Amino acid sequence: MQLDWMIELVRDGLRNLVRHRVRSTLTLLGVVFGIASVTTMIAVGEGAQRTVLREIEALGLKNIIMDSVKPTEVETARAGQQTSRSILGYGITEVDARQIAAISPESSVSVAHRVNQKIYSEGARVDADVLGVAPQYFNLFGSELLAGMRLAEMHEMLRHTVAVVTPDVAASLRGIGGAVGKEIKIGPKYFRVIGVMSVPGRTAGGTVFLPYATARAMFGTSTYKWESGSFEATRTEIGRLVVHTEHEDAVPGLAQAVARVLEMNHQTEDVSVTVPLDVLRSKQRTQRVFNIVLITIAAISLFVGGIGIMNIMLAIVMERTREIGIRRAVGARKQDVFMQFLVETVTLSSVGGALGVILGIVMMPIAASWTGWESVLTPWAVIAALVVSWTVGVVFGTAPAIRAARLDPVDALRYE
Amino acid sequence: MIQLEAVSKTYEMAEPLTVLKGVSLEIADNEFVAILGASGSGKSTMLHIMGLLDRPSSGSVHFRGTNTSALSDDDLSRVRGESIGFVFQSFHLIPHLTVAENVELPLFYLRAARRARRDAAMECLGAVQLGHRADHLPSELSGGERQRTAIARSLVANAPVVMADEPTGNLDTKTGDDIFDVFRRLHEDGRTVIVITHDVAVANRIPRTIKLSDGEVVEDTGPCS
Ligand SMILES: Nc1ncnc2c1ncn2[C@@H]1O[C@H](COP(=O)(O)OP(=O)(O)OP(=O)(O)O)[C@@H](O)[C@H]1O
Ligand SMILES: [Mg+2]
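S.K.: Give a detailed account of the overall build of chain B, specifying residues and quantitative values.
M.R.: Along the backbone of chain B there are seven helices and 10 strands. Here the C-alpha radius of gyration of chain B, 17 Å, is about what a compact globule of 225 residues would show, namely 17 Å. C-alpha atoms of chain B, sized along the principal axes, occupy 45 × 40 × 40 Å. A total of 225 residues make up chain B; the buried ones form 55% of that total. Carbon and sulfur atoms provide 48% of the accessible area of chain B, an area that totals close to 9,400 Å². In chain B, which carries 23 positive and 31 negative side-chain charges, the distance between the mean positions of the two groups comes to 5 Å.

S.K.: Tell me about the domain arrangement of chain A, residues and numbers included.
M.R.: A common way to report how large an interface is uses the accessible area buried once the components associate. What the domain assignment reports for chain A is domain 1 (2–55 + 282–414) and domain 2 (70–269). Relative placement of domain 1 of chain A and domain 2 of chain A: their C-alpha centres are 56 Å apart.

S.K.: Tell me what's going on with the site of ligand 1, and back it up with residues and numbers.
M.R.: Lining the immediate surroundings of ligand 1 are 16 residues, of which S39(B), G40(B), K43(B), S44(B) and T45(B) lie closest. Surrounding ligand 1 is a set of residues that belongs to chains A and B. Note that a nitrogen atom of ligand 1 is positioned 3.3 Å from one of the side-chain N or O atoms of Y11(B). For ligand 1, an oxygen atom lies 2.5 Å from a polar atom in the side chain of T45(B). Computed on the free molecule, ligand 1 has an accessible area of 630 Å², of which 71% lies beneath the protein chains in the complex. Broken down by element, the residue count for the shell around ligand 1 peaks at three residues, all from helix α1 (residues 43–50) of chain B. Residues that form the shell around ligand 1 fall into these classes: five nonpolar, seven polar and four charged.

S.K.: Can you explain the interface of chain A and chain B? Please cite residues and give values.
M.R.: The interface of chain A with chain B comprises 28 residues on the first partner and 28 residues on the second. A per-residue breakdown of the area chain A buries against chain B is headed by W5(A), I326(A) and V330(A), which together make up 21% of the total. At the boundary of chain A with chain B, the tally comes to four salt bridges. D336(A) is paired through a salt bridge with R111(B); the nearest N and O atoms lie 3.0 Å apart. Broken down by secondary-structure element, the contributors of at least two residues to the side of chain A that touches chain B are α1 (2–19), α10 (321–329), α11 (334–371) and α13 (409–414) of chain A.

S.K.: Account for the pattern of salt bridges, naming residues and giving values.
M.R.: Counted under the stated rule, the structure contains 28 salt bridges over all chains. Two residues, E323(A) and R327(A), come together in a salt bridge whose shortest N-O distance is 2.8 Å. Of this pair, E323(A) and R327(A) both sit in helix α10, four residues apart, which is roughly one turn of the helix. Across this residue pair, the class does not change: E323(A) and R327(A) are buried. Here R205(B) ties to D177(B) by a salt bridge, and the two come within 3.6 Å at their closest N and O atoms. One end of the pair, R205(B), is in the loop between α7 (200–204) and β9 (208–213); the other, D177(B), is in helix α6 (residues 173–188), and 28 residues separate them in sequence. Looking at R205(B), the relative accessible area reads 44%, which means it is partly exposed. Take D177(B): its relative accessible area is 31%, and that puts it in the partly exposed class.

S.K.: With reference to specific residues and values, describe the packing of α1(A) against helix α3 (residues 99–109) of chain B.
M.R.: The N-to-C vectors of α1(A) and α3(B) enclose an angle of 145°; their axes lie 13 Å apart at closest approach. Between α1(A) and α3(B) lies a crossing of left-handed hand. Residues W5(A), E8(A), L9(A) and R15(A) of α1(A) form the contact with α3(B), whose own contacting residues are E101(B), F108(B) and Y109(B).

S.K.: Lay out the nonpolar core in plain terms, naming residues and giving numbers.
M.R.: Among the nonpolar cores identified, the biggest contains 66 residues, and F341(A), I2(B), L4(B), M46(B), M50(B), M163(B) and I194(B) are the most heavily contacted of them. The dominant element in this core, judged by the number of residues it contributes, is α11(A), at seven residues. Residues in contact with L4(B), not counting those within four places in the same chain, are V23(B), S24(B), L25(B), M46(B), M50(B), S60(B) and V61(B).

Rules behind the numbers
- Residues numbered from 1 in each chain as written.
- Chains lettered and ligands numbered in written order.
- Predicted model: local features only at pLDDT ≥ 70, side-chain atom pairs only at ≥ 80, totals over all residues.
- Heavy atoms only, no water.
- Helix = DSSP H or I, 4+ residues; strand = E, 2+ residues; numbered from the N terminus.
- Rg over C-alpha atoms; globule rule 2.2 N^0.38 Å.
- Buried < 20%, exposed > 50% of the residue type's maximum accessible area, 1.4 Å probe, protein only.
- Areas by Shrake-Rupley, 256 points an atom, 1.4 Å probe, with all protein chains shown as cover.
- Lys, Arg positive; Asp, Glu negative; His and termini not counted.
- Charge placed at Lys NZ, Arg CZ, Asp CG, Glu CD.
- Domains from an automatic or database assignment.
- Near = heavy atom within 4 Å.
- Polar contact = N/O pair within 3.5 Å; in protein donor to acceptor, adjacent residues only side chain to side chain.
- Nonpolar A, V, L, I, M, F, W, Y, C, P; charged D, E, K, R; others polar.
- Contact = heavy atoms within 4.5 Å.
- Buried area = accessible area lost by both parts, 1.4 Å probe.
- Salt bridge = Lys/Arg side-chain N within 4 Å of Asp/Glu carboxyl O.
- Axes fitted to C-alpha atoms, helices over the stretch in contact; angles between N-to-C directions.
- Left-handed = near helix turned anticlockwise from the far one by under 90°.
- Core = buried A, V, L, I, M, F, W, Y, C linked by side-chain atoms within 4.5 Å.

What follows is the structure, given as structure tokens:
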């Protein structure tokens, strides 16, 4: 019964809204844009968060990843290491690896050997990184075998010339029967692809994984490059070092210890340390700031929209004073009049909210293409937007509804 | 049915204006009463007080044996909805509701179901020969039709009392006579009918007349015998 009654009030509210289309539309613009931007921003924020989270989690939150990087010329010169004819040695050393392993006996330390060679398949260039890794390397990143087989201890011991590739590399090795079994040429050597594994994280360009021992034995630690007339020789003992802790809690402390070791052993910035957990934390902080900004913008636009609604509703109460008098004369109680106007306002603002959500959905692809982030519309965002629009209706509809309810019946009937 | 005892009404203004000055009268069940008086004599004010739309500044109003000064605002609304039908000079229909919806209104506030409301409204519209205009807007009706709509509204909840404030004031003589015939029929059906009028000829055809002058009853032909 009460529900029926409410439904009738909503229907009347909608009718009044349609009757004054233009006025209603203009009144609602504030709420529509407010809700639309909230929806879009929540969706974009959510999408960005998911993307970032996926990338970071792929790196492994229990991992600390060190990569050897070539120091800049300026730094090299300052450190006084290089002369034009000598070999430039940089990056992680065996000493580093031993010391880092020593400070964290409960963590596992895994190394990867970076091979700076070009890859060819049937004469065509394949663009990918080449890493020599121990079999357990894959366990650190939650990777998954998609086809063929994994790298094994046996391949290490026998220095097999086999490779496992990521799916994007596999895709560029198109041929009968897929990538498994194909031959690829890395530098001067031939390797046979034995498996395809997904390795989350930095997938851009893909990676070819070789047995660590094979890579060390065949390509060594030095690279020689002739480029536009200048000769460059570099030497890197370890391309990548991954420390895998037992628990996320151990990461921050260990990261500090690792930083101290590197600081002691290196004069130049030739090792980049990635702590996925730190990256995640800072991204989460950024996200929080983003959310605060979002909430502020939403609050301001909805407040302005709400004030607009309140103004119009006050004017409508004035305009319909006689109607209120008539309703009171035929038996409406104060709270009936109150409910009528409150429901009408909430109906109005909900329509604004619904239009806002629709506009938000329309704006999402545009926002996504501007920001370059995917945007994800969760049901939660839609519900939140609608609840907010109802709240705006209730908050800003109360004053006009009270004014309507307080009108004296006789005065209202006399009102011209 | 309705009893006024020493009812006064004063509007508090810079110079307080006393519009009713100690009016006492009693209207019995199924009476047909005309209220006469010059403009500004307090007729409408008295009708509003009798119809529980307004409260007196002093004195008491008994409606069907209940002292209304003890009733809350909500109680008064309920009594108005159940027991009193109002008809006004300027019709007072809600312009954006259809004729039938206007007629249904008292039942809406008595929380009647939709179907029942519509049926009752159609019946009352039939009684005033307006069944065929049910889904029109008031603006599409003539003055006489609008007033008949208002009368249908005053009947829809089966109220025992109908109060009309110059119901023919905005109508021509012929249409006004038709409206009066409707009121006469209501009286014959057993309702209590109270009508304010300026028209002495009309008043003469009504069993009891109460004349107001400057807020006081100066003539009352008394309860009809
Ligand atoms: N809300 C109010 N505030 C101040 N004065 C009022 C108010 N309502 C009515 N009055 C005054 O009370 C007096 C009586 O008004 P009322 O409407 O009862 O007269 P009436 O007899 O119905 O007159 P008419 O025949 O013109 O309708 C008038 O002088 C009017 O100005
Ligand atoms: Mg009057």
